[in-house]
Amino acid sequence: MNRIDKHLGPLVDEERFSLYDQISRFAAQEIAPNLLQWERDKRLVPDELISQLGDMGIFGLPIPEEFGGQDGQMIDLVLAGLALSYWSPSVAITPGAAVSLGINPLLKFGNDSQKAEHLEDLAAGRRMFAFGLSEPGRGSDAANPQVVAEKTDQGYLLRGEKCWSTNAAWASHVVVHALTDPNGRNGHRSTCFIVPRDRVGVSYQEMEGKTVWPLSSTGSIAFDSVEVTEDEVLGEVNGGFRVMVTTLNGGRLFVAAVALGSLAFALDKTRQYVQEREQFGGAIGRFQRVQDVVLEMDLALERNLSWLIQLVHRYDEGSLDREQAAKVKIDCSRVASELLQDAMEVCGGVACLDEFGLARHAADLFVTRVGEGSNKALMSQISRSLLPEIADELQ
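Residues numbered from 1 in each chain as written. Predicted model: local features only at pLDDT ≥ 70, side-chain atom pairs only at ≥ 80, totals over all residues. Heavy atoms only, no water.

Help me out: how do you make sense of the overall build of the protein in this one?
When you go through the protein residue by residue, the secondary structure sums to 11 helices and 10 strands. Taken over C-alpha atoms, the radius of gyration comes to 21 Å for the protein, in line with the 21 Å a tight globule of 395 residues would show. Judged by the C-alpha coordinates and their principal axes, the protein covers about 80 × 55 × 40 Å. By residue count, 55% of the 395 residues in the protein fall in the buried class. Counting only contacts in the protein whose residues sit at least 6 apart along the sequence, the fraction spanning at least 24 positions is 72%. Averaging the coordinates of the 37 positive side-chain charges in the protein and doing the same for the 56 negative ones gives two points 5 Å apart. (Helix = DSSP H or I, 4+ residues; strand = E, 2+ residues; numbered from the N terminus. Rg over C-alpha atoms; globule rule 2.2 N^0.38 Å. Buried < 20%, exposed > 50% of the residue type's maximum accessible area, 1.4 Å probe, protein only. Contact = heavy atoms within 4.5 Å. Lys, Arg positive; Asp, Glu negative; His and termini not counted. Charge placed at Lys NZ, Arg CZ, Asp CG, Glu CD.)

Put into structure tokens, the structure is as follows:
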């Protein structure tokens, strides 16, 4: 049994642990044996694997049964993320982003017509939404997009470019966050649109040279005077900021789960290795400093997993605020990253080999620190609530 299974069991009911266990076994049988070759061949997640994940119902976890989904909640997606990221964060983020950043905004803000048009294909994995938020000149300042939607008699004209869009290679549609009222008050200047990726004027290019999440598609998507209709507005006109913020709350919970999946793998790999590796006449695990690293990893995993599951339940109840979602993302990603470095030092030179697995997770954890809002930017936002009397002076 993986150590995370022991910690997770008491935190969820039997049915949900069974879901986690099913996905975990699938990952061990279908992903783990092929992972290294996929990475060495510089492949994206194979289409066959995406089809298998669709057949398992992972893309449809939060979608109502009437649209072919599993009628689940965020807790189900987080459990899938834990199971998949144990082996590969870049595999885990493929359904994770498709659901938390693609399907969830449609579920929360889409109208009946939009849901009827898209949800059934999204549930089956036949269709995928990418979330167009980051831009070449906009990262943490995502509330003020440079992509512009100009009002016309027929609807809108989209101009600009999105980048760092996860799942861009497979996206049938892009949820585009665009500026619609430059003079509006803060938080009421932008609108989200559901734009087909094959629409005239939309172009996509995979971003080359990425050294993290190698199996995940990360694309740049340009909009050259792209016509969109009012029927393709997601949520309210000038309500795009609310769509974005609500979407990122769920996304941050999933990213926290990905970080803990990496930590869980590192814990199991390290504790196995230090009991087998012999130096100075015995296993290196007999040394106190080695034991300290293993114990710190276990403490962090149990502590942060309990916190994450508690907050996911609050999200499903509708009572989770932005600050809590940001805090758990910050802490899970930061602690996992620090402990991965300690684990690699304990294991020594073998830890830098791709086949050992630790280097994969150490590199991929970088994305959890900057994805769904960089930790440094989120910490600045949280500080405002801690120092309300001087909030306007904070930089």
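Would you take a moment to explain a negative patch on the surface for this structure?
Residues Asp292, Glu296, Glu338, Asp342 and Glu345 make up a contiguous surface patch of negative charge. Listing elements by their share of the negative patch, those giving two or more residues are helix 8 (288-317) and helix 9 (322-347). Residue aspartate 342 is classed as partly exposed on the basis of its relative accessible area of 32%. (Patch = residues over 30% accessible without salt bridge, like charges linked within 9 Å, V, L, I, M, F, W, Y side chains within 5 Å. Areas by Shrake-Rupley, 256 points an atom, 1.4 Å probe, with all protein chains shown as cover. Salt bridge = Lys/Arg side-chain N within 4 Å of Asp/Glu carboxyl O.)

Can you help me understand helix 8 in this one?
In an α-helix there are 3.6 residues to a turn, and that puts residues three or four apart on one side. Between its terminal C-alpha atoms helix 8 stretches 44 Å, which fits the 44 Å expected from 30 residues at 1.5 Å a residue. Directly after helix 8, the chain includes glycine 318, whose backbone phi takes a positive value near 85°. (Expected span 1.5 Å × (residues − 1).)

Sorry, what's going on with the nonpolar core here?
For soluble globular proteins, nonpolar side chains are generally found buried alongside one another. By size, the foremost hydrophobic cluster in this structure holds 106 residues, and its most contacted members are Ile31, Leu82, Leu253, Leu308 and Leu358. What leucine 358 contacts, discounting residues up to four positions off in sequence, is Phe265, Ala266, Lys269, Thr270, Leu340, Ala343, Met344, Cys347 and Ala351. Ranked by size, the runner-up nonpolar core spans 16 residues in total, among them Val147, Ala178, Val195 and Ile221. (Core = buried A, V, L, I, M, F, W, Y, C linked by side-chain atoms within 4.5 Å.)

Honestly, helix 3 (residues 47-55) in this entry has me stumped. Any pointers?
Among all positions in helix 3, only Leu49, Ile50, Leu53 and Gly54 are buried. Each buried residue of helix 3 lies within a common arc of 145° when the element is viewed along its axis, so the set occupies one face. Turned more than 90 degrees off the buried face of helix 3, the exposed positions are Glu48 and Asp55. Here the buried face of helix 3 lies against helix 2 (14-40), helix 4 (74-85), helix 5 (89-109) and helix 6 (112-124). Two residues or fewer past helix 3, glycine 57 is found with a positive phi of approximately 90°. (Arc of directions from axis to C-beta.)

Explain the state of the cysteines here, please?
Where two cysteines share a covalent bond between their sulfur atoms, that bond is called a disulfide. On inspection of all chains with the given rule, the structure shows zero disulfides. With no disulfide partner, cysteine 163 has as its closest neighbouring cysteine sulfur the one in cysteine 192, 16 Å distant. Classification of cysteine 163 as buried rests on a relative accessible area of 6%. (Disulfide = S-S within 2.5 Å.)

Can you help me understand the environment of isoleucine 103 in this one?
Here isoleucine 103 is to be found in helix 5. By relative accessible area, isoleucine 103 is classed as buried at 1%. Sequence separation between isoleucine 103 and threonine 211 is 108 residues; the distance between their C-alpha atoms is 27 Å. Residue contacts for isoleucine 103: discarding those within four places in its chain leaves Phe59, Pro62, Ile63, Ala98, Leu119 and Leu122.

Would you explain the packing of helix 8 against helix 9 in this entry?
Between two packed helices, the angle of one axis relative to the other and the distance separating the axes together describe the packing. Between helix 8 and helix 9, the least distance of the axes is 10 Å, while the angle of their chain directions is 160°. By the criterion of interaxial angle, the relationship of helix 8 to helix 9 is roughly antiparallel. The hand of the helix 8/helix 9 crossing is left-handed. Along its contact with helix 8, which presents Val290, Val293, Glu296, Met297, Ala300, Asn304, Trp307, Leu308, Leu311 and Arg314, the element helix 9 presents Gln324, Lys327, Val328, Asp331, Cys332, Val335, Leu339, Asp342, Ala343 and Val346. Grouping the constituent residues of the contact of helix 8 with helix 9 by class yields 13 nonpolar, two polar and five charged. (Axes fitted to C-alpha atoms, helices over the stretch in contact; angles between N-to-C directions. Parallel < 35°, antiparallel > 145°, perpendicular 65-115°, else oblique. Left-handed = near helix turned anticlockwise from the far one by under 90°. Nonpolar A, V, L, I, M, F, W, Y, C, P; charged D, E, K, R; others polar.)

Honestly, a nonpolar patch on the surface in this entry has me stumped. Any pointers?
Residues Leu386, Leu387 and Ile390 make up a contiguous nonpolar surface patch of about 270 Å² in total accessible area. Along the chain, isoleucine 390 turns up in the segment after helix 11 (375-386).

Hey, could you run me through the side chain of lysine 162 in this one?
For lysine 162, the location among the structural elements is in strand 3 (residues 156-166). Polar contacts involving the side chain of lysine 162 include one to the main-chain carbonyl oxygen of glycine 132, which spans 3.4 Å. At 3.1 Å, the side chain of lysine 162 and the backbone oxygen of leucine 133 are in polar contact. Once residues lying within four places of it in the same chain are set aside, the contact partners of lysine 162 are Gly132, Leu133, Ser134, Glu135, Pro145, Val147, Val176, His177, Gly219, Ser220, Ile221 and Phe223. (Polar contact = N/O pair within 3.5 Å; in protein donor to acceptor, adjacent residues only side chain to side chain.)

It is not clear to me how the pairing of strand 4 (residues 173-179) should be interpreted in this structure. Could you clarify?
Two faces, one strand: in a regular strand the side chains alternate between the faces of the sheet. Taken across its seven residues, strand 4 has seven buried, putting it largely inside the fold. Both faces of strand 4 are covered, namely the face carrying His173, Val175, His177 and Leu179 and the face carrying Val174, Val176 and Ala178. Where strand 1 (residues 129-132) and strand 4 come together, four bridges link them in parallel fashion. Paired with glycine 132 across the strands is valine 176, a residue of strand 4. Sheet topology places strand 4 next to strand 5 (residues 190-196); seven bridges connect them, and they run antiparallel. Each bridged residue has a counterpart across the sheet, and for alanine 178 the counterpart in strand 5 is threonine 191. (Pairing = 2+ DSSP bridges.)

I'm lost on the packing of helix 7 (residues 240-276) against helix 9 in this one. Help?
The interhelical angle for the contact between helix 7 and helix 9, taken along N-to-C directions, is 20°, at an axis separation of 8 Å. Judged by the angle between their axes, helix 7 and helix 9 are roughly parallel. When the axes of helix 7 and helix 9 are compared, the crossing they make is left-handed. Partitioned by chemical class, the residues of the contact of helix 7 with helix 9 number 20 nonpolar, four polar and three charged.

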